[in-house]
Amino acid sequence: DSLAQPEIGDRVTCSYKCFELAAPADGGGRGALLFSEEGSTHILGDSEVPPGLELGLRFMRKSERAELQTEARFAYGDRSIPEINVAGQDMMYEVELSDIKRVS
């Protein structure tokens, strides 16, 4: 059902691009592209993606596209990911939710 939103425990498939969120003094908005994922599958509630991205996915519907902005504490916090220093960085995600599978 394309009107259904995913729930905790559902398996979602999405594609997203992760950008630095430019500081307001620099005009705000999308900064440098940090990385992207195509067709990645995650179970909501399993902390497989940053909390801000997961929360955004929970309010989306299948085939929907969204732009999400999140503070660092809802992105990667004080951690970095391999080869990319994202510690303390606010993020912007361009995301498309392509599939939702109910997991019983």
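Use the structure listed above.
Residues numbered from 1 in each chain as written. Predicted model: local features only at pLDDT ≥ 70, side-chain atom pairs only at ≥ 80, totals over all residues. Heavy atoms only, no water.

Participant: So what's going on with the overall build of the protein? Residues and values would help.
Facilitator: On a plain count of helices and strands, the protein comes out with 1 helix and 4 strands. Across the protein, helices and strands are ordered from the amino to the carboxyl terminus as β-β-α-β-β. Computed over its C-alpha atoms, the radius of gyration of the protein comes to 14 Å, within 12% of the 13 Å expected for a compact globule of 104 residues. Taken along the three principal axes of its C-alpha coordinates, the protein extends 45 × 25 × 20 Å. A burial count over the protein gives 38% of its 104 residues as buried. The contacts of the protein with a sequence gap of at least 6 include a subset with a gap of at least 24, amounting to 67%. The averaged location of the 19 negative side-chain charges in the protein is 6 Å from the averaged location of its 11 positive side-chain charges. (Helix = DSSP H or I, 4+ residues; strand = E, 2+ residues; numbered from the N terminus. Rg over C-alpha atoms; globule rule 2.2 N^0.38 Å. Buried < 20%, exposed > 50% of the residue type's maximum accessible area, 1.4 Å probe, protein only. Contact = heavy atoms within 4.5 Å. Lys, Arg positive; Asp, Glu negative; His and termini not counted. Charge placed at Lys NZ, Arg CZ, Asp CG, Glu CD.)

Participant: Requested: an account of the side chain of D99, with residues and values cited.
Facilitator: On the secondary structure map, D99 appears in strand β4 (residues 91-101). Every residue in contact with D99, bar those within four places of it in the chain, is listed here: R11, V12, T13 and K62.

Participant: Please give an account of helix α1 (residues 51-58) that cites residues and values.
Facilitator: Along α1, the residues classified as buried are G52, L53, E54, G56 and L57. Among the structural elements, β1 (11-21), β2 (30-43), β3 (65-70) and β4 are those in contact with the buried residues of α1.

Participant: Go over the sheet that holds β3, please, and point to the residues and values.
Facilitator: The 4 strands lie next to each other as β2-β1-β4-β3, forming an open sheet whose pairing is antiparallel. Here the strands that pair on one side only, and so sit at the sheet edges, are β2 and β3. Each strand axis lies, on average, 20° off the axis of its neighbour in the sheet, ignoring direction. (Pairing = 2+ DSSP bridges. Axes fitted to C-alpha atoms, helices over the stretch in contact; angles between N-to-C directions.)

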